[in-house]
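One-letter residues, chain by chain:
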Amino acid sequence: MASTARSRDGAPEGDDLELELEPRELIRRSDLVMRTGNLMLGAGTSSLRVRQAMQRTATRLGLGRMQAQITFTTIIATVYRDGIFRTQVGEVTTPAVNADRIRQIQTLTRHLPADTTPATLAASLDDIEKAPPLHPRWLVTLAVGLACVSVGFLNQGSWRELLAVFPAAMLAFLGYRRLLGWRLNLFGAVVGATLIGCGLFLAFTLLLQGSDLSAQPRVVAGFVAVTIFLVPGFPLFTGALDLARLDLQAGIGRMVYAGVVMLSISIGAWVVATLVGIAPYPVPPLSGPPVLIWGLRVVASFLAVFGWAL
């Protein structure tokens, strides 16, 4: 370990003097408050919940007060302690949704004891950050397939379209995760997954029906449903909440992000539809006993919501 440069009377000099004057405990606690906020923001929750979790953390760490300015991808926070303050900036580079992480951090910050130490909190945050996904990849993929099939049925798709939607949606989801794993631009990954899903759906439809796609009146129902998992429902909802609370910076950012994702889906679907000549014509209603049709719609609605929840 390097020795500290000192003057003849034993006092530190230069940079070493600056280091000894740094409020290290304030810096350490400020880092933990910011880390809590970054984990919450990166999990996709609203700015209000991010601010509340940071405030609870700051209080339990003995900080006087905390002020934070939160956008869709950035946090600027200032904490105060014993007459001094520290301002810090945090950034989320890849927006995502992790409802289980939101739950864990909320539970942690709500039950922190009054004598919480920075070391204890840091260890708890490490455990949350390193925790594996709540559900295995195969189960999430299966849930995506079932949810897309359910939306296809609600769009008046028949069993033929639904059989084509199921494998196409799962493969599109796996392709989307792979593109993100390669660190492709998020919007490029959305376009790529849309091309994969729509293209595979049409290929499976041709294998099942073996005829001209433009002559099939229900193809549009499956064509729309196969990439419905890409719709940013969580950001749309949290963005609406932020706007309702007049948290305009976070709300507008989320809504713009969601709009660009929707535009990316539209671009991918438009490319495939133009190449194969599919037009957005009305889909005829399904025929059958009303009790049966409505009963199946209830089941499909449940499976769709259950799939998105997973």
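Residues numbered from 1 in each chain as written. Predicted model: local features only at pLDDT ≥ 70, side-chain atom pairs only at ≥ 80, totals over all residues. Heavy atoms only, no water.

Overall, antiparallel pairing links the three strands, which are arranged E1-E2-E3 in an open sheet. Edge positions in the open sheet fall to strand E1 (65–70) and strand E3 (84–91), since each of these has one partner strand only. The sheet shows a mean angle of 15° between the axes of neighbouring strands, direction not considered. Where E1 lies against strand E2 (residues 74–81), six bridges are found, and the strand directions are antiparallel. (Pairing = 2+ DSSP bridges. Helix = DSSP H or I, 4+ residues; strand = E, 2+ residues; numbered from the N terminus. Axes fitted to C-alpha atoms, helices over the stretch in contact; angles between N-to-C directions.)

Glancing now at a nonpolar patch on the surface. On the surface, Leu195, Leu263, Ile267, Trp270, Val271, Leu275 and Val276 cluster together into a nonpolar patch covering about 680 Å² of accessible area. A per-element tally of the nonpolar patch places helix H11 (residues 248–276) first, with six residues. Looking at the secondary structure, you find Trp270 in helix H11. The exposure class of Trp270 is exposed, given its relative accessible area of 57%. (Patch = residues over 30% accessible without salt bridge, like charges linked within 9 Å, V, L, I, M, F, W, Y side chains within 5 Å. Areas by Shrake-Rupley, 256 points an atom, 1.4 Å probe, with all protein chains shown as cover. Salt bridge = Lys/Arg side-chain N within 4 Å of Asp/Glu carboxyl O. Buried < 20%, exposed > 50% of the residue type's maximum accessible area, 1.4 Å probe, protein only.)

Here we take up unusual backbone geometry. Phi at Asp82 is positive, roughly 55°, even though this residue is not glycine. Along the chain, Asp82 turns up in the loop between E2 and E3. Positive phi, close to 80°, is recorded for Gln156, a residue that is not glycine. With respect to the helices, strands and loops of the structure, Gln156 is situated in the loop between helix H6 (137–154) and helix H7 (159–181).

Attention now goes to the packing of aromatic side chains. To describe a pair of aromatic rings, one takes the distance between the centres and the angle between the planes. Counted under the stated rule, the structure contains six aromatic pairs. Between Phe173 and Phe229 the ring centres are 5.9 Å apart and the planes differ by 85°, which places this aromatic pair in the edge-to-face class. Separated by 56 residues along the polypeptide, Phe173 in helix H7 and Phe229 in the loop between helix H9 (219–225) and helix H10 (233–244) bring together distant segments of the chain. Judged by relative accessible area, Phe173 falls into the buried class, the value being 10%. We classify Phe229 as buried; its relative accessible area is 14%. (Phe/Tyr/Trp six-rings, centres within 6.5 Å; stacked < 30°, edge-to-face > 60°.)

Attention shifts here to the environment of Ala304. For Ala304, the position within the fold is in helix H12 (residues 290–309). Taking the C-alpha atoms as reference points, Ala304 and Gly145, 159 residues apart in sequence, are found 9.5 Å from one another. If sequence neighbours within four positions are ignored, Ala304 has contacts with Ala147, Ser150 and Val151. (Contact = heavy atoms within 4.5 Å.)

In textbook terms, the turn of a hairpin is the stretch between consecutive antiparallel strands, and for E1 and E2 this stretch comprises three residues. Bridge count for E2 against E3 is eight bridges, and the pairing is antiparallel. Within E3, the position partnered with Tyr80 by the bridge is Phe85. The hairpin turn running from E2 into E3, its antiparallel successor, is two residues long, and Asp82 in that turn takes a positive phi close to 55°.

We now examine H10. Residues three or four positions apart in an α-helix share a direction because the helix packs 3.6 residues into each turn. Compared with an ideal rise of 1.5 Å per residue, which puts twelve residues at 16 Å, H10 spans 17 Å between its outermost C-alpha atoms and is within 8% of the ideal. Residues Pro235, Thr238, Gly239 and Asp242 constitute the buried set of H10. Across the axial projection of H10, the buried residues extend over an arc of 105°, all falling on one side. Residues Phe237 and Ala244 are exposed on H10 and point more than 90 degrees away from its buried face. Against the buried residues of H10 lie helix H3 (47–60) and H11. The positive-phi residue at the C-terminal boundary of H10 is Leu246, with phi of around 65°. (Expected span 1.5 Å × (residues − 1). Arc of directions from axis to C-beta.)

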